[in-house]
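# Fold and contact review
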Amino acid sequence: MTARGEASQARRPGGLLDADSAVDAVRRHGPAFAGWLLPFLLVLYLALKQGGYDGAIRGEVGIAIWWVVLIGAAVGLLPAARIGRAGWIAIGLLAAFAAWTGLGIGWSESAERSVAELGRVAMLLGVFVLAVATQTSGAARRTVAAVASAAAVVGGLAVLSRMEPTLLPVENLVSFLPSAENRLSYPLGYWNGLAHLMALGLPLVVWMAASARLTLVRALAAAAIPLMALAGYLTLSRGGMGAGAIALIVLVAVYPRRLQLVPALLFGGVGSALLISGAAQRGDFQDGLLTTTAASQGSEMLALALIVCGGVALLQAAWALADRHELIPPAPTPSPQTTLMAVASAAVVAVFIALAAGAPSAIDNAWQEFKEPNTAGSGVERLQSTSGSNRYQYWQSAVDANETDPLLGIGPGTYEYWWARNNPLADSTGFFVRDAHSLYFETLAELGIVGFVLITGLIGFILVYGGVRAFRRRSGQSAVLAAATAGAAAFAVSAAVDWAWELTILPVCLLLLAAVIFGRDTDPDAVPEVDDAGPAHPALRIGLAGVALAAIVAILIPLAGLAAIEDSQAEAQSDSLQQALIDARTASAVQPYAATPNLQQALIFERAGALNAAAKAANAATVDEPTNWRPWMILSRIEAARGNTKAAIDAFREARSLNPRSPLFNQ
């Protein structure tokens, strides 16, 4: 019987596969599909939850992931693949960073903030451990494709929210950062964060367009490039655009067959230029205005996007089909030595051209402008500015904080308090800053030299290990390694200039890509038959289960405290003060070291008129966080209501000394 006849015998009269065939298909393709779907859903979920910035979202995801690790280790399913030496080193670096964060609670200005930071790192460690432990055969391509697909979907949703804002529930951080209402931020809620996600996803999408096995996937990936570029442009994020450019440079530099990238880069680049040009010519649309003109321009941009992206997809599909049928001569693959010589020669020529064009003077002028304490503006003109938007002052303040204790730092999560006390900007009354806008400087300030070495060592190890392995072409997975390394490079740049670490979706993407880089699926020395042969050693499984339990506790404590506080605040808003007080006391029982539960109790007692109890609770909050100006300010108000003038003045002066430039104290 022919193959076609056998296939027809396996079908029911209606043309559908019978039950046995369906089950067999699920068994053969189900794990592979799940290997793509789970990381895709994780990234997309975090994106739709404002990037996972909220501690409750981050905590819930972390507990779910560690429960999977715990159960998988207990029943012998994890690790599903042997973890190589490099993978253990990377896990060890992140685990050491988590441990050092935990130790930092002991010398922190705020145990509450530091415990929350420990929960953050524990959640990220869970993502990394689970991703590395499941890097079985074929997982590398699926993981990178999942992150790329999620980033592309987010980019599409972002531009759609500007083209047709009535179709999506546009919720962002405009109320928190009102000076940039015209910058695209949906769905992450932060324009720079969206731009950084686009920068991280762009090299992954280019890789898919150049090397996906299915022509349809190549076409769809190429079509996503202009949408992601448009999304990045509408954020007006110079850091995000710079990170994307560097990521593409890294991709080309370490990709095994660079000429294979040319069609995707060419078609996608032309499509991106057309969409960005179209947006630049439609001012109301570009500025995100809610006018009839903006609505009309949004519809025009939607039609233009469909035409451009469709054209890019067709061109990429035509190229892929021609390549598959060998209608295009195979591109030469130069050796690493030839590539190095070419790159070195190009670099020398570029240096001479830059010197002749007066680059040193231009760089010095740009650096001076970067250091000036001002902003780059909120319109498209900011793209031509080299202003650091006060980042130089944030970083300078972080260095000053580190100098108080170079080895240990001031404590995890406490940069906000340091900045409030030591803000160097003389004309910045009321200028609120929570993060140093750089993972590296903030870590140096909060966790000292030890923490700085651990986190930079981890990110550096990811980049160097992935880049070297991809460049040497020792493995058939060099292309996917190059894409993962380029995406990691985008994060490394983003983390240098913004609070990318706090926007959970970005480090999650980094660690998913790092799992690919360190996974056995991309290890040329791995033996699949050995790597996937049966359950791991019992000692490893027991150790993994123990770490999972410890991580769950580290995440659960701040999560439970936060949930109780949020419940208390909701009850207080509905005037259920008794239940609000119960919830606040629950939070205090969960986190006896935290200031927020005591402060919440003080506010409830104040509202109920129980001023003596309110003063007692507020005093307890000042003991928990003596360098936080807020409890002192509330205590001052309560003491004034009690008629204790001297105590009110003393508390007010203490609050002002901790935040001297706040408008509350400068009216």
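Source: prediction; values computed, not measured.

Criteria and thresholds
- Residues numbered from 1 in each chain as written.
- Predicted model: local features only at pLDDT ≥ 70, side-chain atom pairs only at ≥ 80, totals over all residues.
- Heavy atoms only, no water.
- pLDDT = per-residue confidence, 0-100.
- Contact = heavy atoms within 4.5 Å.
- 1 Å grid on protein atoms, 1.4 Å probe; cavity = no way out; pocket = protein on both sides within 12 Å on 5 of 7 lines; lining within 4 Å.
- Points joined across faces, edges and corners; volume = space filled by probe spheres on them.
- Helix = DSSP H or I, 4+ residues; strand = E, 2+ residues; numbered from the N terminus.
- Nonpolar A, V, L, I, M, F, W, Y, C, P; charged D, E, K, R; others polar.
- Buried < 20%, exposed > 50% of the residue type's maximum accessible area, 1.4 Å probe, protein only.
- Polar contact = N/O pair within 3.5 Å; in protein donor to acceptor, adjacent residues only side chain to side chain.
- Phe/Tyr/Trp six-rings, centres within 6.5 Å; stacked < 30°, edge-to-face > 60°.
- Salt bridge = Lys/Arg side-chain N within 4 Å of Asp/Glu carboxyl O.
- Expected span 1.5 Å × (residues − 1).
- Axes fitted to C-alpha atoms, helices over the stretch in contact; angles between N-to-C directions.
- Parallel < 35°, antiparallel > 145°, perpendicular 65-115°, else oblique.
- Left-handed = near helix turned anticlockwise from the far one by under 90°.

One rule of thumb: low pLDDT means the predicted coordinates there are not for detailed reading. A residue-level look at the protein chain finds 87% of positions with pLDDT of 70 or above and a mean pLDDT of 88. Segment residues 1-17: pLDDT under 50, and 10 contacts once partners within four positions in sequence are set aside and those in other chains are kept. In this model residues 172-179 is a low-confidence stretch, pLDDT under 50, and it forms 11 contacts with partners more than four residues away in sequence or in other chains.

Attention now goes to empty space enclosed by the protein. Taking a probe equal in size to a water molecule and rolling it over the atoms shows the remaining empty space. Going through the model one piece at a time under the given rule, you end up with 2 cavities of 30 Å³ or more. In terms of lining, the largest cavity is formed by F97, T101, E117, V121, P412, L439, E442, T443, E446, L447, W501 and E502. Within the residue set of the lining of the largest cavity, elements represented by two or more residues are α4 (85-104), α5 (111-133) and α17 (439-472). Per-element tally for the lining of the largest cavity: the top contributor is α17, with 5 residues. Tallied by class, the residues present in the lining of the largest cavity amount to 6 nonpolar, 2 polar and 4 charged. S438, L439, E442, A495, D498, W499, A500, W501 and E502 are the residues that line the second largest cavity. The class makeup of the residues in the lining of the second largest cavity is 5 nonpolar, 1 polar and 3 charged.

Before going further, it helps to spend a moment on the side chain of E109. Structurally, E109 can be placed in the loop between α4 and α5. A relative accessible area of 17% means that E109 is categorised as buried. At a separation of 3.1 Å, a polar atom in the side chain of E109 contacts the side chain of R421. Looking at E109, its side chain comes within polar contact range of the side chain of T627, at 2.8 Å. Residues within four places of E109 in sequence aside, it is in contact with I410, T414, Y417, R421, D624, E625, P626 and T627.

Tallying each qualifying case throughout the model produces 16 aromatic pairs. Plain terms: the ring middles of Y394 and W419 are 5.2 Å apart, the flat faces sit at 75° to each other, and that makes the pair edge-to-face. Note that Y394 is positioned in helix α15 (residues 391-404) and W419 in helix α16 (residues 415-422), a separation of 25 residues in sequence. Put simply, the rings of W367, F370, Y392, W395 and F441 pair up and form one aromatic cluster.

Looking now at unusual backbone geometry. Following L78, the chain continues into P79 via a peptide bond in cis, with omega recorded as -5°. With respect to the helices and strands, P79 occurs in the loop between α3 (55-75) and α4. Residue P187 is reached from Y186 by a cis peptide bond, and omega for that bond is 0°. Along the chain, P187 falls in the loop between α6 (139-163) and α7 (191-211). One non-glycine residue with positive phi stands out, namely Q50, at about 55°. Along the chain, Q50 falls in the loop between α2 (19-48) and α3. Phi at D575 is positive, roughly 65°, even though this residue is not glycine.

Next up on the list: the pattern of salt bridges. Tallied over the entire structure, the rule returns 11 salt bridges. Across the pair R434 and E416 runs a salt bridge whose closest N-O atoms are separated by 3.2 Å. Here R434 is found in the loop between α16 and α17, whereas its partner E416 is found in helix α16, with 18 residues between them in sequence. Given the relative accessible area of 37%, R434 is considered partly exposed. The exposure class of E416 is buried, given its relative accessible area of 3%. Residue R642 is joined to E639 by a salt bridge in which the shortest nitrogen-to-oxygen separation is 3.2 Å. Here R642 and its partner E639 are both found in helix α25 (residues 629-642), 3 residues apart, which amounts to about one turn of the helix. Judged by relative accessible area, E639 falls into the buried class, the value being 6%. Salt bridges linked by common partners bring R113, E416, R434 and R630 together as one network.

In this structure, L42 sits in helix α2. Of the residues examined, L42 reaches a relative accessible area of 18% and is grouped as buried. Spatially, the C-alpha atom of L42 lies 9.9 Å from that of V127, the residues being 85 residues apart in sequence. Filtering out sequence-adjacent residues up to four positions away, L42 remains in contact with V61, I65 and V508.

Moving on, we come to helix α23 (residues 595-608). With 14 residues, α23 ought to run about 20 Å at 1.5 Å a step, and its terminal C-alpha atoms sit 20 Å apart, in line with that. By the criterion of burial, α23 is predominantly enclosed, with 10 of the 14 residues buried. Buried residues of α23: A595, P597, N598, L599, Q600, Q601, A602, I604, F605 and E606, and no others. At its buried positions, α23 is contacted by α5, α21 (538-573), α22 (577-590), α24 (611-624) and α25.

The geometry of helix α8 (residues 215-235) relative to helix α10 (residues 262-280) is characterised by a closest axis approach of 8 Å and an angle of 40° between their N-to-C directions. When the axes of α8 and α10 are compared, the pair comes out oblique. Between α8 and α10 lies a crossing of right-handed hand. Within the contact between the two elements, α8 uses I225, P226, L227, A229, L230, Y233 and L234 and α10 uses A264, G268, G271, S272, L275, I276, A279 and A280.

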